[in-house]
Amino acid sequence: NIQRLIEANPEARITLMSGTPIKNRINDFFAYLKLTGHELGENYSKFLRDFTNSKSGRGGRLQVGSGRNLNDLFRKTSNFMLRRTKEECLDLPPKVIFKYRFELDDYREEYNNIIKELAERKDVSNLNSCIHSLNIVLAKAKINGIIEMANGILEQERKVIIFSGYNEPLDMLEKHFGNTCVRIDGSVSASKRDDRIQKFLKDDATTVFIANMAAGGIGINLVNCTDVIFTNFPFTPSELYQAEDRTHRIGQTKSVNIYYTVCSQSIDEYLYELIVEKATDINNLVDKHKDSVDLGNVPEKLFKHLSSRRLETGFGFSNIIWNF
């Protein structure tokens, strides 16, 4: 649609604006270059070769890797990009990040069974599905601890927001908090969505806001709350930060507490590291930070991490050849 608009107005001076210039990987930046007619936006394959650690996957298709030569890319595009961070434009109170660690306990066997099944099947066709299954188990394993964390916040007469990427953990939370919570996920209509937001904002008895990150992590102002808990990590930094910023925006007058939850001896630990590294890679281009990191494909890296360790089941992945 934007391309057609530009083509229909060849004499117009076009300014593209985005709150999230790069959502996931450096190749997201190519669309801006193409739309603005920048010379680096003429050839996508060349852009990947020059500025990402991409490689050929199944069927010869390029799989996008991490960024490289980002100082060079920044230099070549700095004359057409103006970057203003929220910290530069707004006088907001700080975010305070807490990292809470839990054990899998009763869910360890279910978690290991998923890995065992994958190892025995030697099949990577449903790689993303397997990771989501593992993430759901991890989120469920944390629910009792997260409820305890939330109750501690509620006892201090503060409201709390709990985000998850999956419905099953949200079901467990909704069952526990009952009428004291509102829920937003992909099944909630626009009108009901606004009603639930207003209830959380205005009703003193509604103290818990639970939401799917995709449905409730964008376009909502919840500055009446200062505490945000995550049951799991998404694959992209922007999805995580967008959800955090439902409370950290214009109108917020207090410090915002962000609670990351991690299960020991699980992909949680590595996914957290990947999110941090991925954000560093993006910031190196748009905010001119110093260091760049090799992130690669998230599912591939997660399973390479699993293959380098022996979990409690004793099932390793050294016998599996991944064709990415």
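Residues numbered from 1 in each chain as written. Predicted model: local features only at pLDDT ≥ 70, side-chain atom pairs only at ≥ 80, totals over all residues. Heavy atoms only, no water.

Student: Sorry, what's going on with the side chain of Arg 183 here?
Tutor: Of note, Arg 183 is situated in strand S5 (residues 181-184). A relative accessible area of 8% places Arg 183 in the buried class. A polar contact is formed between the side chain of Arg 183 and the side chain of Asn 167, at a distance of 3.4 Å. Leaving out residues up to four positions away in the same chain, Arg 183 has contacts with Asn 167, Leu 170, Asp 171, Glu 174, Val 188, Arg 196 and Ile 210. (Helix = DSSP H or I, 4+ residues; strand = E, 2+ residues; numbered from the N terminus. Buried < 20%, exposed > 50% of the residue type's maximum accessible area, 1.4 Å probe, protein only. Polar contact = N/O pair within 3.5 Å; in protein donor to acceptor, adjacent residues only side chain to side chain. Contact = heavy atoms within 4.5 Å.)

Student: What exactly am I supposed to notice about the pairing of strand S4 (residues 160-164) here?
Tutor: In summary, the side chains of a regular strand alternate between the two faces of the sheet. For S4, the tally of buried residues reaches five of five residues, placing the bulk of the element in the interior. Burial along S4 is two-sided: the residues Val 160, Ile 162 and Ser 164 and Ile 161 and Phe 163 are all buried. With five bridges joining them, S4 and strand S6 (residues 208-212) adopt parallel strand pairing. The residue of S6 that forms the bridge with Val 160 is Val 208. As defined by bridge partners, S4 adjoins strand S7 (residues 227-230) across three bridges and the pair is classed as parallel. Bridge pairing links Phe 163 to Phe 230 in S7. (Pairing = 2+ DSSP bridges.)

Student: Help me out: how do you make sense of the nonpolar core in this one?
Tutor: General note: in soluble globular proteins, nonpolar side chains tend to be found buried as a group. Of all hydrophobic cores here, the largest spans 28 residues; its most connected members are Tyr 111, Ile 162, Leu 173, Phe 177 and Ile 229. For this core, the element with the highest residue contribution is helix H7 (residues 127-155), accounting for eleven residues. Apart from the residues lying within four places of it in its own chain, the contact partners of Ile 162 are Ile 146, Ala 150, Leu 173, Phe 177, Val 208, Phe 209, Ile 210, Ala 211, Ile 229 and Thr 231. Listed in part, the 25 residues of the second largest apolar core include Phe 163, Met 213, Leu 222 and Ile 258. (Core = buried A, V, L, I, M, F, W, Y, C linked by side-chain atoms within 4.5 Å.)

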